[in-house]
Amino acid sequence: MRATKSLALAMAGLLLATGLACAQSTEIRIGVALEPPALDPTAGAAEAIDVVVYQNIFEGLTRIDQTGAVQPGLATAWTITEDGLSYRFTLAQGVTFHDGTSFDAEDVKFTFERLLADDSVNAQKALYQSIAAVTVIDPQTVEITLSRPDGLFLFNLGRGDAVIVAPESADNNANEPIGTGPFAFVQWDRGSRVILEQYGPYWGEKPALTKASYVFISDTATMTNALLAGDIDGTNNFAPEALAVFEGNPQFKVLVGSTEGETILATNNARAPFDTLAVRQAMAHAINRHDIIEGATYGYGVPIGSHFAPHHPYYVDLTETYPFDLDAAKTLLAGAGYPEGFSATLKLPPVAYARLSGQIIASEFAKIGVRLELINMEWAQWLEDVFANKDFDLTIISHVEPFDIGIYANPDYYFGYDNPEVQALNETLNATTDEAQRKVLAQQIQIIIAKDAVNGYLFELAQTGVWNAKLEGMWQNAPIEGVVLHDIHWVE
Amino acid sequence: MNWRRLLDHPSLALGLAATLAFALLGLASLIWTPYPIADIAISRRFLVPDASHLLGTDHLGRDMLSLIMAGTLTSFTVGAAAVAIGVGIGVPMGLVAAMWGGPVDWVAMRISDLAFAFPSVIIAILIATLIGPGATNAIIAIGIFNIPVFARVARGGALALSSLDFIGAARLAGLGKAAIAWRHILPNIMSLIIVQGTIQLSLGILAEAGLSYIGLGTQPPATSLGLMLRDAQSLFLIHPSLSLLPGLAIVLIVVALNIAGDGLRDALDPRLRRQELA
């Protein structure tokens with residue numbers, strides 16, 4: 001009897017112990033393909049930076065939620081004057097930076113002065129050029145005046161590029177980021193992982209997770225094995241070709257959502273023969289979107305006919321502007337003086353969608369006499385050759401910035417499109433705050449650049465996340481770059 | 001040595017036959033493949049083997065048999081060209097070192113040490129940054145790696161021969177060092193070089209596969225066995241045949257070449273032959 005009793009006790013203890021072990025974990029390990037070059041989102045364009053820090057370590061005055069809508073961030077409320085030129089923000093109370101220093105209106109002023117300074121290396125500086133002055137009213141109130149109305153201003157404040165930093169720590173943010181977010185930076189093992197821990201004194205609602213690591217795994221096969229072995233709990237974007245491994249596996253959930261990544265066959269409009277409209281139209285006719293989407297994204301991409309995200313309310317479907325038609329393409333080429341076609345180079349960055357699309361496009365273009373030489377490049381080389389020096393004929397790249405149609409109004413941009421009509425329209429669009437009018441303007445630009453066949457419009461990149469089936473709260477769509485940890489939690 | 005004697009070595013016959021079969025398969029791709037290898041058709045991808053595609057199709061709808069044929073040719077071409085570089089530079093270097101000796105020998109051997117010290121992958125990365133990746137780059141990188149190997153084989157062979165009587169006789173007859181090396185030593189170390197050549201060919205094919213796999217060798221739309229492996233890697237759990245076929249081809253070619261190399265050494269090496277007789 002005694003023995004039975006102690007056995008029962010032992011059993012109960014064991015059950016309790018296993019029960020504790022099974023208790024909900026509060027840690028997560030996320031696999032990401034690219035390691036960020038640094039961790040300061042206000043000083044670099046790399047998406048990999050935002051994946052780690054956006055809304056986790058750093059917060060902005062506003063934040064973008066998973067539907068792409070603007071929500072209050074460090075600014076809990078704001079009023080806008082009638083003329084749309086002056087924004088008065090009320091700041092959250094009791095906010096501290098991870099190093100213990102307090103957050104107030106001076107930090108906001110510092111952030112935007114740093115962003116707009118002449119020596120600023122902010123990747124999206126141009127988005128904030130409308131800011132005329134940042135005035136501190138009192139420690140909890142700040143006023144930003146614009147030189148012209150800016151319909152996207154509140155959205156732009158929510159980008160990773162405009163997160164609030166402190167004068168005490170801003171210079172070290174590249175290596176040791178210090179923000180106001182729910183997670184504080186712990187350590188960065190270069191080449192391996194970044195570890196974040198919940199920040200105890202966080203001012204807002206506490207997240208469920210206490211610890212998060214981002215593990216860098218660039219190879220798809222390794223990522224597959226890490227997921228299957230449980231070495232990582234999920235990844236926000238998994239290679240679509242191997243997604244079938246996890247579909248139908250009850251231990252995992254596959255989240256397919258949209259992103260802001262317009263994938264285009266970027267064309268050097270400033271260089272012959274691509275400066276001829278008929279040549280670009282011919283190439284547009286020779287693009288077989290269906291095959292490219294199947295071949296490069298395994299059917300997960302969404303076809304686009306212009307530089308605009310299909311899930312955006314301003315979107316207009318222009319995929320039939322130049323339908324796949326090799327005969328029309330040949331006729332156009334002959335009309336432009338290239339009856340035998342021509343040779344060109346296609347420089348490809350090291351991402352699967354670009355490399356695969358490149359091979360498929362080269363095979364299609366060969367049928368109309370356009371012989372493409374494929375040149376595979378590493379990121380650094382691509383950024384220098386193509387993006388900075390504009391030394392390219394064609395390239396394939398995904399533009400992941402939200403609402404980035406404004407790049408077509410910049411004649412100095414790498415694809416060299418110079419159209420005063422688009423530039424004027426874009427200026428009007430930027431200065432318009434009325435939704436209906438903005439929609440009309442944005443659609444006009446979409447139509448013009450589609451008709452001009454500025455670039456070959458291929459598809460909108462999908463976000464294909466693979467997660468442990470017991471995880472919830474991940475963003476299915478990616479309306480902005482980032483993997484926001486706040487709502488992620490384990491369930492039984 | 002006659003051809004009948006060759007057949008006394010069954011492993012040699014087997015190795016040579018298999019190597020020849022693969023070489024012919026590769027050469028055939030020059031004039032004919034079932035489908036053009038650059039012919040991409042997404043609608044027919046991941047087909048299982050059937051009458052129209054004997055080995056199925058890959059992730060871009062290309063015919064696997066055609067790809068294996070073209071890939072084998074690339075592998076053999078790169079391997080053979082690299083051996084040619086090694087023989088063309090390494091053998092004269094080794095002979096010069098052996099015949100002239102002294103400081104010449106020292107300099108030649110230190111150059112070969114230096115070339116040995118750089119793994120071919122490092123050389124390939126260097127060349128890729130200088131002139132861009134490609135099959136030529138792989139040939140040069142592997143070729144550089146081959147030079148010291150052949151230099152040592154030639155030097156060793158030549159030193160072993162140089163004390164023999166017929167070399168002394170040639171010297172007495174007034175032949176210069178270069179002439180002795182060319183007329184008397186080279187023919188006698190030829191068997192060593194041929195044996196080493198087959199081994200280096202198999203190593204070269206492996207190295208080419210490795211370089212293409214890490215993206216420094218053959219570039220699309222051309223193909224090689226290593227590049228096929230690279231493309232198929234992430235699909236291994238879903239379509240294992242895409243990686244198994246090129247992998248198997250590499251293994252078979254390398255094993256065949258090694259068996260052929262071993263057999264050739266048995267058949268050609270006079271020292272081993274003498275042991276056999278004893």
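Quantities reported herein were computed from a predicted structural model and do not represent experimental measurements.

Q: Got a minute to help me understand the domain arrangement of chain A in this structure?
A: Often the size quoted for an interface is simply the accessible area lost on bringing the parts together. Residue and element names in this part refer to chain A. Split by domain assignment, chain A resolves into domain 1 (47-172) and domain 2 (258-462). Each of domain 1 and domain 2 has a C-alpha centre, and the two are 32 Å apart. Listed per partner, the contact involves nine residues of domain 1 and nine residues of domain 2. Put simply, domain 1 and domain 2 have one salt bridge between them.

Q: When you look at the pattern of salt bridges in this model, what are you seeing that I'm missing?
A: Pairing between side chains of opposite charge can happen when their charged atoms approach one another. Using the criterion set out here, one finds 19 salt bridges over all chains in the structure. A salt bridge links glutamate 113 of chain A to lysine 109 of chain A; the shortest N-O distance between them is 3.0 Å. Pair noted here: glutamate 113 of chain A and lysine 109 of chain A are both in helix H3 (residues 105-116), with a separation of four residues, about one helical turn. We classify glutamate 113 of chain A as partly exposed; its relative accessible area is 45%. Taking the shortest distance from any N to any O, the salt bridge between arginine 152 of chain B and aspartate 113 of chain B comes out at 2.2 Å. Within this pair, whereas arginine 152 of chain B is found in helix H6 (residues 135-162), its partner aspartate 113 of chain B is found in helix H4 (residues 102-117), the two being separated by 39 residues in sequence.

Q: Honestly, the interface of chain B and chain A in this entry has me stumped. Any pointers?
A: The interface is formed by 17 residues belonging to chain B together with 20 residues belonging to chain A. Here chain B meets chain A over a buried area of about 1600 Å², counting both sides, of which 58% is carbon and sulfur. For the salt bridge of glutamate 294 of chain A with arginine 45 of chain B, the shortest nitrogen-to-oxygen distance reads 3.0 Å. In this assembly, chain B and chain A are joined by five residue pairs in polar contact (both at pLDDT 80 or more). Residue classes in the side of chain B that touches chain A are distributed as 10 nonpolar, four polar and three charged.

Q: Honestly, the sheet that holds strand S7 (residues 141-146) of chain A in this entry has me stumped. Any pointers?
A: What holds strands together in a sheet is hydrogen bonding between their backbones, with the strands either parallel or antiparallel. Residues and elements named next belong to chain A. The sheet built from four strands is open, its strands ordered S4-S5-S7-S6 with antiparallel pairing. With partners counted over all chains shown, the strands left at the sheet margins are strand S4 (75-80) and strand S6 (131-138), one partner each. If you compare each strand with its neighbour and ignore which way they point, the axes differ by 20 degrees on average. Direction of pairing for S4 relative to strand S5 (residues 86-91): antiparallel, over a ladder of five bridges. Within the sheet, the bridge partner assigned to alanine 77 lies in S5 and is threonine 90. Sitting on the sheet, H3 touches S5, S6 and S7, and the angle it makes with S6 is about 165 degrees.

Cut-off values and rules
Residues numbered from 1 in each chain as written. Chains lettered and ligands numbered in written order. Predicted model: local features only at pLDDT ≥ 70, side-chain atom pairs only at ≥ 80, totals over all residues. Heavy atoms only, no water. Domains from an automatic or database assignment. Contact = heavy atoms within 4.5 Å. Salt bridge = Lys/Arg side-chain N within 4 Å of Asp/Glu carboxyl O. Helix = DSSP H or I, 4+ residues; strand = E, 2+ residues; numbered from the N terminus. Buried < 20%, exposed > 50% of the residue type's maximum accessible area, 1.4 Å probe, protein only. Buried area = accessible area lost by both parts, 1.4 Å probe. Polar contact = N/O pair within 3.5 Å; in protein donor to acceptor, adjacent residues only side chain to side chain. Nonpolar A, V, L, I, M, F, W, Y, C, P; charged D, E, K, R; others polar. Pairing = 2+ DSSP bridges. Axes fitted to C-alpha atoms, helices over the stretch in contact; angles between N-to-C directions.

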